[in-house]
Amino acid sequence: MTRLFQGIMAISLLLMMGGCSIKYSANGASIDQGAKTVNVRFIDNRAPINNPTLSQNVTEKLRTKVTSQTRLVQVNEDNTDYEFRGAVTGYAFSNAAVTNVDKAATSRLTVTINVTFVKRVGDKKGWTQAFTRSADFSATQLPSAVENSLLENTILPQVVDDIFNKAFANW
């Protein structure tokens, strides 16, 4: 009797699993079954203060992340399965910490990118969200001396990961 029960349970389990499909990926990205194309539009720079190469760099990093970590193909057309639009809306240097004599000890570069994600497949639930990332540096350094390094090595990789995760990993 126990053997019969175990056999029925095993067959039931196999039948249930045959009707289910779960997509696993090494990067955690969840792409709708029928999705094939994405359009990462040029991210405009609308911040009052800006870095002239920031728009190009963030656009390229997001395109590279999406195409290298998903099966989606970047196309510059309307009506793609997924679409990213956005603008840099904030770019500022500020004091992050001061000493006891009102002198800055640490400065901070903060970048804000407002992104709209359009989803034309599956549940078609898109979103609009601002993503902000910062990086600190010593106040003894000139902002122009550390700006590009902070953007390339810290801020842009983090903000692109945030955008990607919001779109494809539901984080």
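No experiment lies behind these values; they were computed from the predicted model shown.

## Topic: the overall build of the protein chain
For the protein chain, the count of helices and strands is 3 helices and 6 strands. Going from the N terminus to the C terminus, the protein chain shows its helices and strands as α-β-β-α-β-β-β-β-α. A burial count over the protein chain gives 34% of its 171 residues as buried. A sequence separation of at least 24 residues applies to 68% of the contacts in the protein chain between residues at least 6 apart.

## Considering the pattern of salt bridges
This model, assessed by the stated rule, comprises 12 salt bridges. Two residues, Asp-161 and Lys-65, come together in a salt bridge whose shortest N-O distance is 2.7 Å. Separated by 96 residues along the polypeptide, Asp-161 in helix H3 (residues 143-168) and Lys-65 in helix H2 (residues 54-69) bring together distant segments of the chain. Since its relative accessible area comes to 31%, Asp-161 is described here as partly exposed. Three or more residues joined by partner-sharing salt bridges are found here, namely Arg-41, Asp-78, Glu-83, Arg-85 and Arg-120.

## Quick word on unusual backbone geometry
In the Ramachandran plot, Asn-79 falls in the positive-phi region, its phi being about 65° despite a non-glycine side chain. For Asn-79, the position within the fold is in the loop between strand E3 (73-74) and strand E4 (82-98). One non-glycine residue, Lys-124, lies in positive phi territory at about 55°.

## Describing the pairing of strand E5 (residues 104-119)
Pairing geometry for E4 and E5, over 15 bridges, is antiparallel. In the sheet register, Tyr-91 faces E5, and the bridge partner there is Val-111. With antiparallel pairing between neighbouring strands as the criterion, E4 and E5 make up a hairpin whose turn holds 5 residues, including Asp-102 at a positive phi of roughly 55°.

## Side note on the packing of H2 against H3
Between H2 and H3, whose axes approach to 10 Å, the crossing angle comes to 50°. As far as their axial angle goes, H3 and H2 are oblique. In this structure, H2 crosses over H3, and the sense of that crossing is right-handed. Within the contact between the two elements, H2 uses Leu-54, Asn-57, Val-58, Lys-61, Leu-62, Lys-65, Val-66 and Gln-69 and H3 uses Leu-151, Glu-152, Leu-156, Val-159, Val-160, Asp-161, Ile-163, Phe-164 and Phe-168. For the contact of H2 with H3, the class distribution of residues is 11 nonpolar, 2 polar and 4 charged.

The rules we used
Residues numbered from 1 in each chain as written. Predicted model: local features only at pLDDT ≥ 70, side-chain atom pairs only at ≥ 80, totals over all residues. Heavy atoms only, no water. Helix = DSSP H or I, 4+ residues; strand = E, 2+ residues; numbered from the N terminus. Buried < 20%, exposed > 50% of the residue type's maximum accessible area, 1.4 Å probe, protein only. Contact = heavy atoms within 4.5 Å. Salt bridge = Lys/Arg side-chain N within 4 Å of Asp/Glu carboxyl O. Pairing = 2+ DSSP bridges. Axes fitted to C-alpha atoms, helices over the stretch in contact; angles between N-to-C directions. Parallel < 35°, antiparallel > 145°, perpendicular 65-115°, else oblique. Left-handed = near helix turned anticlockwise from the far one by under 90°. Nonpolar A, V, L, I, M, F, W, Y, C, P; charged D, E, K, R; others polar.

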